[in-house]
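Okay, here's what each chain looks like letter by letter:
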Amino acid sequence: MINASQTPIQIRSTLKLSLVACTFLLIQACSQTTDNNFTETSDFSTSNHLMDRSFTPQWSNSDIGKDMLAVRRASENSLLSYDIVKSLTVEVGPRIPGSKGDKAAVAWAEDKLQSLGFDKVYKQPVRVRNWERGFADARVLAPFEQNLVITALGGSIATPEEGLQAKVLMFDSLNDLQLASNGEVEGNIVFLNTKMQRDRAGKFYGQVVPNRVNGAVEAAKLGAKAVIIRSVGTDNSRFAHTGIMRYNDEVKKIPAGAISTADADILEAMFETLQGSDQEIVLSLNMQAKDAGWQTSYNVIGEFTGSERPEEVVLISAHLDSWDEGTGALDDGAGVGIVTAAAKLVKETLGQPKRTIRVVLYAAEEIGLVGAYQYTRANKDDLPNIIMAAESDFGAGQIYQLDTRFNSAVRNNAEDLYAALAEMGITLGSNDARGGPDVSMLPAQGVPVISLRQDGTYYFDYHHTANDTLDKIKIEDIQQNQSVWAMVTAYMANTNFDPRPAEPLE
Ligand SMILES: [Zn+2]
């Protein structure tokens, strides 16, 4: 209903919403009538975009609205995604790239995809540098003795065997550190104390994570002995958050660790207490991480081969590796469960997909998207065949928005998909999606991607900590993800909607 008090803009958006809802309701209503009627309605609702890119031969099935609904209903009765992440976290657990756990995860993934009846299951070797965490200990020696909860950052070198001791200097940000002088920093331990806020989209991660990645290089440039950071996390707890850090060949390597947010608060309070006095805070640090050399890991890939266009690929993905302290349930066991279950549900509910559905479980995401770059190199000639790629790698929070990077000339043609998602409360967002870390390099090659935006309000409470365990996954949340991924996969695999090439990156 349009009411007299609405402005033209409100009226327009009301009309648009009504149209979307109507398309969906038509499909829903028709799924309860005869097949004949359904076909007519379905042709009506999809004819516009079928004309845009005409293929020969025509697809044999255009009842996509009904199919997406069937997949959604099947998903609502399935716990497959949860069962998969449970299996991975219980039977394999931590799986740092190149480790024993990682090798077990590769074998687990091959078995899992095979037992789910994928037509093809294969793996692609990826050379990775293995790193072992080892023991880590930090304590304030003076003026107030306190033990701090610390974990080494991924890739960090060790301290000398007996540890090291030095005065601590606190900086609010990496930028503040860069403004400091050599004389000030030399021989000391740098403490980077930047706080991170919670946000549904996790937008503050990108602002704080440079502390972790570049802190050691920036501190070493000024002669620091070691760097510790406030964990890149949004919890108030004594769980420290690990994650990859980088060295630079031109700059001396120094040890790097993260203390928990609670311990960062303790240290900060100590600085406040000492304000105006000339007493120094002296820290003892001992971390025995080590580089364990080159190992071979694998991208594990499972496919349901397309019945009509086997060469055209819908690529859905997650990463198989995890950090080593928790069991990698949210990061990224959830993604592994979601995309694997989505593919299986589409096959089980609708039969053989028309395009090939390819599930890629990438190796070594955590240490720099190593498996994803290997995939991109090894499959260079096949990239133009990818109709759409996407990764689930943000935990198990509910999906609230679909972002795309489609050819903008045809983006609006996927109206049946958008309508089906709108029915689940998912809005259509921007057309500048990156698609997730492991597919983020693909749009530059013209490959369309989507991002199914998840509620990540609490994701960074657990991310890369010992507290990333199965109990953090809510069954109804992962099931909602599974439904959405299955519907999107069904749509992309079983219609001739073709958003290639991706809109160029700005
Ligand atoms: Zn991840």
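Small disclaimer: the values here were computed from a predicted structure and weren't measured.

What is the right way to look at the overall build of the protein in this model?
A tally of regular secondary structure across the protein gives 14 helices and 16 strands. The buried share of the protein, reckoned over its 506 residues, is 51%. Contacts spanning at least 24 positions in sequence make up 82% of the contacts within the protein whose residues lie at least 6 apart.

I'm lost on helix H4 (residues 80-91) in this one. Help?
In this model H4 runs 16 Å from its N-terminal to its C-terminal C-alpha over 12 residues, within 8% of the 16 Å that 1.5 Å per residue would give. Buried residues belonging to H4 abut helix H5 (100-115), helix H10 (329-350) and helix H14 (475-494). One or two steps after H4, the chain reaches glycine 93, where phi turns positive at roughly 75°.

Help me understand the packing of H10 against H14 in this model?
Two quantities define a packed helix pair, namely the angle between the axes and the distance from one axis to the other. As a packed pair, H10 and H14 sit with axes 8 Å apart at the nearest point and diverge in direction by 50°. In terms of orientation, H10 and H14 fall into the oblique class. Between H10 and H14 lies a crossing of right-handed hand. Here Ala334, Gly337, Ile338, Val339, Ala341, Ala342, Ala343, Leu345, Val346 and Leu350 of H10 come into contact with H14, specifically with Ile478, Asn481, Gln482, Trp485, Ala486, Thr489, Ala490, Ala493 and Asn494. Of the residues belonging to the contact of H10 with H14, the class tally is 14 nonpolar, 5 polar and no charged.

Can you help me understand helix H9 (residues 261-273) in this one?
Given 3.6 residues per helical turn, the α-helix brings residues three or four places apart onto the same face. Over its 13 residues, H9 runs 18 Å from end to end, which matches the ideal 18 Å to within 8%, given 1.5 Å per residue. The set of residues buried in H9 consists of Thr261, Asp263, Ala264 and Leu267. On an axial view of H9, the arc spanned by its buried residues comes to 160°, and they lie on one face. Opposite its buried face, H9 presents the exposed residues Ala269 and Glu272, each directed more than 90 degrees away. The inward-facing, buried residues of H9 abut strand S3 (146-148), strand S6 (189-192), strand S7 (226-230) and strand S8 (256-259).

In this structure, what is going on with the environment of alanine 264? I would like to understand it.
Relative to the elements of secondary structure, alanine 264 occurs in helix H9. The class of alanine 264 is buried, set by 25 C-beta atoms lying within 10 Å. Counting along the chain gives 69 residues from alanine 264 to lysine 195, while the straight-line C-alpha distance between them is 9.4 Å. When sequence neighbours within four positions are dropped, the list of residues in contact with alanine 264 reads Asn193, Arg230 and Ile259.

Honestly, the sheet that holds strand S4 (residues 150-152) in this entry has me stumped. Any pointers?
Neighbouring strands of a sheet are bound in pairs by backbone hydrogen bonds; such pairs are parallel or else antiparallel. Read across the sheet, 8 strands follow the order S3-S2-S9-S5-S6-S7-S8-S4 without closing on themselves; strand pairing throughout is mixed. Lying at the two open borders of the sheet, with one neighbouring strand each, are S3 and S4. In this sheet, neighbouring strand axes are inclined to one another by 30° on average, regardless of whether the strands run parallel or antiparallel. Both strand S2 (residues 136-142) and strand S9 (residues 282-287) contribute to a ladder of 6 bridges, which runs antiparallel. By the bridge assignment, alanine 136 is partnered in S9 with methionine 287. Relative to S7, helix H8 (residues 205-221) is tilted by about 150°, and along the sheet it contacts S6, S7 and S8.

Can you help me understand the nonpolar core in this one?
It is characteristic of soluble globular proteins that their nonpolar side chains tend to be buried jointly. Residues Ala342, Val346 and Val449 are the most contacted members of the largest nonpolar core, which totals 94 residues. Ranked by residue count, the leading element in this core is H10, at 12 residues. Looking at which domains feed residues into this core, each of domain 1 (65-127 + 295-494) and domain 2 (134-288) gives three or more. The residues touching valine 346, leaving out its near neighbours within four places in the chain, are Val71, Pro353, Ile357, Ala486, Thr489, Ala490 and Ala493. In this structure, Ile96, Leu153, Phe239 and Leu283 belong to the second largest nonpolar core, which totals 42 residues.

What's the story with the pairing of S9 in this structure? I'm lost.
In the case of a regular strand, side chains alternate between the two sheet surfaces. For strand S5 (residues 164-171) and S9, the ladder comprises 4 bridges, and the chain directions are antiparallel. Its bridge partner lying in S9, glutamine 165 is registered against serine 284.

Help me understand the confidence of the model for the protein in this model?
Low pLDDT means the predicted coordinates in that region are not meant to be read closely. In the predicted model, the protein carries a mean pLDDT of 90, and the fraction of residues at 70 or more is 88%. Within the protein, no element has a lower average pLDDT than helix H2 (residues 35-52), which sits at 33, and none a higher one than strand S12 (residues 355-362), at 99. Contacts from residues 1-58, a stretch scored under 50 in pLDDT, to residues over four places away or in other chains number 51 contacts.

I'm lost on the pairing of S2 in this one. Help?
Of the strand pairs in this sheet, S2 and S3 are connected by 3 bridges, and their pairing is antiparallel. Paired with arginine 139 across the bridge in S3 is asparagine 147. Count of turn residues in the S2/S3 antiparallel hairpin: 3 residues.

What am I meant to see in unusual backbone geometry here?
Residues apart from glycine generally show negative phi values, whereas peptide bonds are mostly found in trans. In the segment running from alanine 142 into proline 143, the intervening peptide bond is cis, with an omega of 0°. The residue proline 143 is located in the loop between S2 and S3 in this model. Following aspartate 331, the chain continues to aspartate 332 via a peptide bond in cis, the omega torsion being 5°.

Where do I start with the packing of H4 against H10 in this structure?
The interhelical angle for the contact between H4 and H10, taken along N-to-C directions, is 135°, at an axis separation of 7 Å. Considered as vectors, H4 and H10 are oriented oblique to each other. Where H4 crosses over H10, the handedness of that crossing is right-handed. Contacts between H4 and H10 involve Leu80, Ser81, Tyr82, Ile84, Val85, Leu88 and Thr89 from the former and Ala329, Gly333, Ala334, Val336, Gly337, Ile338, Thr340, Ala341, Lys344 and Leu345 from the latter.

Cut-offs applied
- Residues numbered from 1 in each chain as written.
- Predicted model: local features only at pLDDT ≥ 70, side-chain atom pairs only at ≥ 80, totals over all residues.
- Helix = DSSP H or I, 4+ residues; strand = E, 2+ residues; numbered from the N terminus.
- Buried ≥ 20, exposed ≤ 12 C-beta atoms within 10 Å, placed from the backbone.
- Contact = placed C-beta atoms within 7 Å.
- Expected span 1.5 Å × (residues − 1).
- Axes fitted to C-alpha atoms, helices over the stretch in contact; angles between N-to-C directions.
- Parallel < 35°, antiparallel > 145°, perpendicular 65-115°, else oblique.
- Left-handed = near helix turned anticlockwise from the far one by under 90°.
- Nonpolar A, V, L, I, M, F, W, Y, C, P; charged D, E, K, R; others polar.
- Arc of directions from axis to C-beta.
- Pairing = 2+ DSSP bridges.
- Core = buried A, V, L, I, M, F, W, Y, C linked by C-beta atoms within 7 Å.
- Domains from an automatic or database assignment.
- pLDDT = per-residue confidence, 0-100.

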